[in-house]
Amino acid sequence: EPEVTQTPSHQVTQMGQEVILRCVPISNHLYFYWYRQILGQKVEFLVSFYNNEISEKSEIFDDQFSVERPDGSNFTLKIRSTKLEDSAMYFCASSYTSGEGFFGPGTRLTVL
Amino acid sequence: AQSVTQLDSQVPVFEEAPVELRCNYSSSVSVYLFWYVQYPNQGLQLLLKYLSGSTLVESINGFEAEFNKSQTSFHLRKPSVHISDTAEYFCAVSETQGAQKLVFGQGTRLTINP
């Protein structure tokens, strides 16, 4: 069964450093998403991506964040200058239609 | 904009007892409804979904949820729980049009006691 994969599973970085989180969505899906879950809190939408552009983004997704689909398979989330409050589990998801998101296992980002 | 409320942050039950996890939503447009499960130290897995048709939907592991439009609810139920059902359960909605992002509730931690 196809699945969404994410790398790395855990990323530790220093405050102010740039990080890139990587995702490989399910191959025939058209919509791609990033969500995050701060420890003990609910899952929050960050950004959606369709037809090679951002289709919607939340207030959390400020200028420090960017997404890219550099080739036909990868979908990346970049945080330019990490802050302590960026520490969270970041989930990539993809869908073909109907809003149903297939989630990856997540990347735990720890900012020190 | 949509919002999801899961009234119970924690639900402890004994094994083989029935359980209901409550979910209410608000939206000015048509929505799809989902329940996701998160086992300890794992990602989110889709448990079941309502897109259209029958308002009662079932999962392969015995859970069911009923879409009640008049009460804007999508409660999750299981008649007899097992230890392995211990997990965090998230209710989510998405619009039926557009980018269809998911809006999640706060989650309900289901703890099964032997």
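You'll find the structure just up there.
Parameters and conventions
- Residue numbers run consecutively from 1 along every chain, following the written order of its sequence.
- A letter from A marks each chain and a number from 1 marks each ligand, given out in the order of writing.
- Restriction of local features to residues with pLDDT of at least 70 applies here, the model being predicted, together with a cutoff of 80 or more for giving and counting side-chain atom pairs; totals for whole chains, interfaces and linings are based on all residues.
- Hydrogen atoms and water are omitted, and side-chain values are computed over all heavy atoms in the structure.
- As used here, the term nonpolar core means buried Ala, Val, Leu, Ile, Met, Phe, Trp, Tyr and Cys residues forming a set that is joined through side-chain atoms within 4.5 Å.
- Buried, partly exposed and exposed residues are distinguished by accessible area as a fraction of the type maximum, computed with a 1.4 Å probe on protein chains only: under 20%, between the cut-offs, and over 50%, respectively.
- Here a helix means four or more residues in a row that DSSP labels H or I, a strand means two or more in a row labelled E, and each is numbered from the N terminus.
- Pairs of residues are marked as contacts when any of their non-hydrogen atoms sit within 4.5 Å.
- Strands are labelled as partners when DSSP assigns at least two bridges between them.
- Axes here refer to lines fitted to C-alpha atoms; in helices the fit is confined to the stretch in contact. Angles between the N-to-C directions go from 0 to 180 degrees.
- Cysteine sulfur atoms are paired as a disulfide whenever they fall within 2.5 Å.
- Centres within 6.5 Å make a pair out of two Phe, Tyr or Trp rings, where for Trp the six-membered ring is used; the pair is then stacked when the planes are under 30 degrees apart, edge-to-face when over 60, and tilted otherwise.
- In the sections that follow, a salt bridge refers to a side-chain nitrogen of Lys or Arg positioned within 4 Å of a carboxyl oxygen of Asp or Glu.

*Asks:* Can you break down the nonpolar core residue by residue, with the values?
*Replies:* Within the largest apolar cluster, 28 residues are counted, with the highest numbers of intra-cluster contacts made by B:Trp35, B:Leu48, B:Phe74, B:Leu76 and B:Tyr89. Sorting the residues of this core by element identifies strand S2 (10–14), strand S3 (19–21), strand S5 (31–38), strand S6 (44–50), strand S8 (64–68), strand S9 (73–78), strand S10 (87–95) and strand S12 (108–113) of chain B as the ones contributing at least two each. Not counting the four nearest positions on each side in its chain, B:Tyr89 is found in contact with B:Gln6, B:Leu21, B:Trp35, B:Tyr36, B:Val37, B:Leu47, B:Phe63, B:Leu76, B:Gly107, B:Thr108 and B:Leu110. Counting residues in hydrophobic clusters, the runner-up holds 21 residues, among them A:Val19, A:Leu21, A:Leu77 and A:Ile79.

*Asks:* Describe the sheet that holds strand S7 (residues 65–68) of chain A, naming the residues involved and giving the relevant values.
*Replies:* All names here are of chain A. If you walk across this open sheet you meet the four strands as S1-S3-S8-S7, and the pairing is antiparallel. Edge strands, defined here as strands with exactly one partner in the open sheet, are strand S1 (5–7) and S7. Here the strands of the sheet are splayed against their neighbours by 20 degrees on average, with no regard to which way each runs. Here S7 runs beside strand S8 (residues 75–79); their pairing, made up of four bridges, is antiparallel. When the bridges of S8 are listed, valine 67 appears paired with leucine 77.

*Asks:* Just give me the short version of the pairing of S12(B), but keep the residues and values in it.
*Replies:* Looking along a regular strand, one sees side chains alternate from face to face of the sheet. Residues and elements named next belong to chain B. Of the two faces of S12, the one holding Thr108, Leu110 and Ile112 is buried and the one holding Arg109, Thr111 and Asn113 is not buried anywhere. In this structure, S2 lies alongside S12, joined through five bridges in parallel fashion. In the sheet register, valine 11 faces S12, and the bridge partner there is leucine 110. In this sheet, S12 lies alongside S10 in antiparallel orientation, the contact comprising three bridges. Counterpart to glutamate 88 in the pairing with S12 is arginine 109.

*Asks:* Report on the state of the cysteines, specifying residues and quantitative values.
*Replies:* Scanning all chains against the criterion turns up two disulfides over all chains. Disulfide pairing is shown between A:Cys23 and A:Cys92; the S-S distance is 1.9 Å. Taking the torsion about the S-S bond as the criterion, the A:Cys23 to A:Cys92 disulfide, at about -65 degrees, is left-handed. Highlighted residues: A:Cys23 in strand S3 (residues 19–24) and A:Cys92 in strand S9 (residues 88–95), separated in sequence by 69 residues. For the pair formed by A:Cys23 and A:Cys92, the shared burial category is buried. Disulfide pairing is shown between B:Cys23 and B:Cys91; the S-S distance is 1.9 Å.

*Asks:* Let's hear about the environment of B:Ile112: which residues, and what values?
*Replies:* Residue and element names in this part refer to chain B. Structurally, isoleucine 112 is set in strand S12. By relative accessible area, which is 5% here, isoleucine 112 ends up buried. In sequence terms isoleucine 112 and leucine 33 are 79 residues apart; their C-alpha atoms lie 25 Å from each other. Beyond its immediate chain neighbours, meaning those up to four positions away, isoleucine 112 contacts Val13, Phe14, Glu15, Val81, His82, Ile83, Asp85 and Thr86.

*Asks:* Can you tell me about the environment of A:Leu84, naming the residues and giving the values?
*Replies:* All names here are of chain A. Looking at the secondary structure, you find leucine 84 in the loop between S8 and S9. With a relative accessible area of 46%, leucine 84 lands in the partly exposed category. Considered as a pair, leucine 84 and arginine 69 are 15 residues apart in the sequence and their alpha carbons are 26 Å apart. Leucine 84 has contacts with Met15, Val111 and Leu112, leaving out every residue within four places of it along the chain.

*Asks:* For the packing of aromatic side chains, give the residues involved together with the corresponding values.
*Replies:* With the rule as written, the count across this model stands at 18 aromatic pairs over all chains. Judged by centre distance (6.1 Å) and plane angle (35 degrees), the ring pair of A:Tyr33 and A:Tyr35 falls under tilted. Each member of the pair, A:Tyr33 together with A:Tyr35, is buried. Among the aromatic residues, those joined into a cluster by ring pairs are A:Tyr33, A:Tyr35, A:Phe45, A:Phe91, A:Phe103, B:Phe34, B:Tyr36, B:Phe90 and B:Phe104.

*Asks:* Provide a residue-level description of the pattern of salt bridges, including the pertinent values.
*Replies:* Residue and element names in this part refer to chain B. Under the criterion given, the structure shown has eight salt bridges over all chains. Glutamate 20 is the partner of arginine 77 in a salt bridge, and the nearest nitrogen-oxygen pair spans 3.7 Å. One end of the pair, arginine 77, is in strand S9; the other, glutamate 20, is in strand S3, with 57 residues separating them in the sequence. Note that arginine 77 and glutamate 64 form a salt bridge whose closest N and O atoms lie 3.7 Å from each other. In this pair, arginine 77 is assigned in strand S9 and glutamate 64 in strand S8, connecting sequence segments 13 residues apart. Residue classification places glutamate 64 among the partly exposed positions, given a relative accessible area of 23%. Taken together, the shared-partner salt bridges in this structure form one network comprising Glu20, Glu64, Glu66 and Arg77.

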